[in-house]
Amino acid sequence: MIRPLTLLSLALCLLAPPAWSLSIDCGRVLDVQTGRWLERQTLSVAEGRIRAIDPWPASFEGERIDLRELSCLPGLIDLHVHLTSETAPQAEAFREALQGGAVDAAYESVPWARRTLEAGFTTVRDLGSSEGLGVALKRAIAAGHVVGPRMMVSGKSIATTGGHADPTNSLGPRLARALGVPGPIDGVIDSPEQARQAVRARYKEGADLIKITATGGVLSQAASGQNAQFTEAELAAIVSTARDYGFKVAAHAHGAEGMKRALRAGVDTIEHGTFMDEETLQLFRKTGAWYVPTVSAGKFVGEKSRDPHYYSPIVRPKAAAVGPQIQSTLARAWKAGVKIAFGTDAGVFPHGENAREFVYMVEAGMPPLEALRAATLHAAEALGQAQTLGRLAPGYAADLVAVEGDPLADIARLQAPRAVIQGGRRVR
């Protein structure tokens, strides 16, 4: 038997407005699909999603947020971050590696996550973290324990022995032997069979996608920054197994040969792409893969390569050779019709400075609207979230960043957001 009080409570719940009901009054709203500004618009939000967009004055019961002096855009998406680490001079980095641990890194990541969200990036793709840190941070944010962007995480990057993302590269032989040889569970493989096991281990870890290091990299303690590091058979095993688990595959790659092998294997995104050649550009167009440039990281490592104390002797020449090239590669890729999505490699440079990438993209020849689309429509498509993220439209997540003036006239305005809303909740 249902008590009368219970029936009354049920009736009140049905009549009450949905959870987190609010309206957001914007001076104007950017339709990123058409590139048009819609003047004096009100976004009605319920349960974290946009319910309607109407001209002022829109009647609405609930909380109101006044952004009538500001320009409102969709929440920004960064497809390449490392929220559980941040750049530091080599002496400090080595000391932290020896004395610190996963718990230290977890605490350090909390302000980095908040800083990223407050910079206007409401969704990120975290491409590589050890000891389950990225997965744990994602869960903490989703549960409301930590303030940060919506995360999709790769967990531990998959590498080959001695390759970029082999965690024992920086260790001396004695310490490396004491710790043991890393294997597929640790994200290090040397055969197609081990490649499949490494993908399944990421599924077990709780990852959302797979990250591989298809070539050498800048910041690993290894000689080459661009040599191909997987066989074609290993890459094919990774991609086919990833598809079994519904995973997309992101490939770190600087050298052309490694990029071409990864593209032929069917990866979804290429990160960095520094030394792509004409054949690589053709493969991008043929496969439809996305290029995620990360110019900001290139600029930062190029600058720090001139400081003899910042990077180790094995890293400095790689940073000098790779970093300054990425912006010109982006310019070539844009002119060649390659699909471009936004990513910065934040963590290689300080978190929260992600929006500087827009300035570098425009300098490389991308129109401001296309740079914005790269961080909204195109990034959402690359994530497989084109129906829920990347636009301000009914049915989409109520993720919004508001700035003064017109960022299509001055893209640098995105570096100083006045308001950020994620899932209908005010961040700043």
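Above this text you will find the structure in question.
All figures in this text were calculated on a predicted structure; none of them were measured in a lab.

Any chance you could explain the packing of aromatic side chains here in plain terms?
The relation between two aromatic rings is expressed through the spacing of the ring centres and the mutual angle of the planes. Per the counting criterion, the structure on display carries eight aromatic pairs. Between the aromatic rings of Phe300 and Tyr310, the centroid separation amounts to 6.1 Å while the plane-to-plane angle is 75°, which identifies the pairing as edge-to-face. With a gap of ten residues between them, Phe300 in helix H10 (residues 295-304) and Tyr310 in the loop between H10 and helix H11 (316-322) connect regions that are remote in the sequence. Three or more aromatic residues link up through ring pairs in this structure, and these residues are Phe121, Phe342 and Phe358. Sitting above the plane of the Tyr310 ring, Lys304 keeps its charged end 4.8 Å from the centroid.

What is the right way to look at the sheet that holds strand E2 (residues 36-46) in this model?
Whether parallel or antiparallel, the strands of a sheet pair through hydrogen bonds between backbone atoms. With mixed pairing, seven strands are arranged side by side in an open sheet as E3-E2-E1-E4-E15-E16-E17. A strand with exactly one partner marks an edge of an open sheet, and here the two such strands are strand E3 (49-55) and strand E17 (425-426). Relative to E3, E2 is paired through six bridges, and the arrangement is antiparallel. Its bridge partner being in E3, Leu43 is matched across the sheet by Ile53.

Would you mind showing me how to read a negative patch on the surface here?
The grouping of Glu92, Glu96, Asp104 and Glu108 at the surface amounts to a negative patch. Within the secondary structure, Glu108 sits in helix H3 (residues 102-118). Note on Glu108: relative accessible area 33%, which makes it partly exposed.

So what exactly am I meant to see when it comes to the nonpolar core here?
Nonpolar side chains tend toward joint burial in soluble globular proteins. Counting 63 residues, the largest nonpolar core has Ile158, Ile210, Ile212, Val267, Ile270, Tyr291 and Phe358 as the members making the most contacts within it. With five residues, the top contributor of residues to this core is helix H7 (residues 232-244). Other than its neighbours up to four places away in sequence, Phe358 contacts Leu76, Phe121, Phe342, Ala371, Leu372, Ala375, Ile411 and Leu414. Grouped together as the second largest cluster of nonpolar side chains are 23 residues, Val135, Val146, Val322 and Phe349 included.

For this particular structure, what's the right way to read the packing of helix H6 (residues 192-205) against H7?
The angle between the axes and the distance between the axes are what describe a pair of packed helices. Look at H6 against H7: their axes get within 8 Å of each other, and the N-to-C directions meet at 30°. It follows from the interaxial angle that H6 and H7 lie roughly parallel. As H6 runs across H7, the sense of the crossing is right-handed. Contacts between H6 and H7 involve Pro192, Ala195, Arg196, Val199 and Arg200 on the former and, on the latter, Ala233, Glu234, Ala237, Ile238, Thr241 and Ala242. Residue classes in the contact of H6 with H7 are distributed as seven nonpolar, one polar and three charged.

How do you make sense of the pairing of strand E15 (residues 400-403) when you look at a structure like this?
Successive side chains on a regular strand alternate, one facing one side of the sheet and the next facing the other. Burial along E15 is two-sided: the face carrying Leu400 and Ala402 and the face carrying Val401 and Val403 are both buried. One ladder, built from four bridges, connects strand E4 (residues 63-74) with E15; its direction is antiparallel. Following the sheet pairing, Ser71 is matched in E15 by Val403. The pairing of E15 with strand E16 (residues 419-422) spans three bridges and is classified as antiparallel. Its bridge partner lying in E16, Val401 is registered against Val420.

Cut-offs used in this document
Residues numbered from 1 in each chain as written. Predicted model: local features only at pLDDT ≥ 70, side-chain atom pairs only at ≥ 80, totals over all residues. Heavy atoms only, no water. Phe/Tyr/Trp six-rings, centres within 6.5 Å; stacked < 30°, edge-to-face > 60°. Helix = DSSP H or I, 4+ residues; strand = E, 2+ residues; numbered from the N terminus. Lys NZ or Arg CZ within 6 Å of the ring centre and 35° of its normal. Pairing = 2+ DSSP bridges. Patch = residues over 30% accessible without salt bridge, like charges linked within 9 Å, V, L, I, M, F, W, Y side chains within 5 Å. Areas by Shrake-Rupley, 256 points an atom, 1.4 Å probe, with all protein chains shown as cover. Salt bridge = Lys/Arg side-chain N within 4 Å of Asp/Glu carboxyl O. Lys, Arg positive; Asp, Glu negative; His and termini not counted. Charge placed at Lys NZ, Arg CZ, Asp CG, Glu CD. Buried < 20%, exposed > 50% of the residue type's maximum accessible area, 1.4 Å probe, protein only. Core = buried A, V, L, I, M, F, W, Y, C linked by side-chain atoms within 4.5 Å. Contact = heavy atoms within 4.5 Å. Axes fitted to C-alpha atoms, helices over the stretch in contact; angles between N-to-C directions. Parallel < 35°, antiparallel > 145°, perpendicular 65-115°, else oblique. Left-handed = near helix turned anticlockwise from the far one by under 90°. Nonpolar A, V, L, I, M, F, W, Y, C, P; charged D, E, K, R; others polar.

By themselves these figures say nothing about function.
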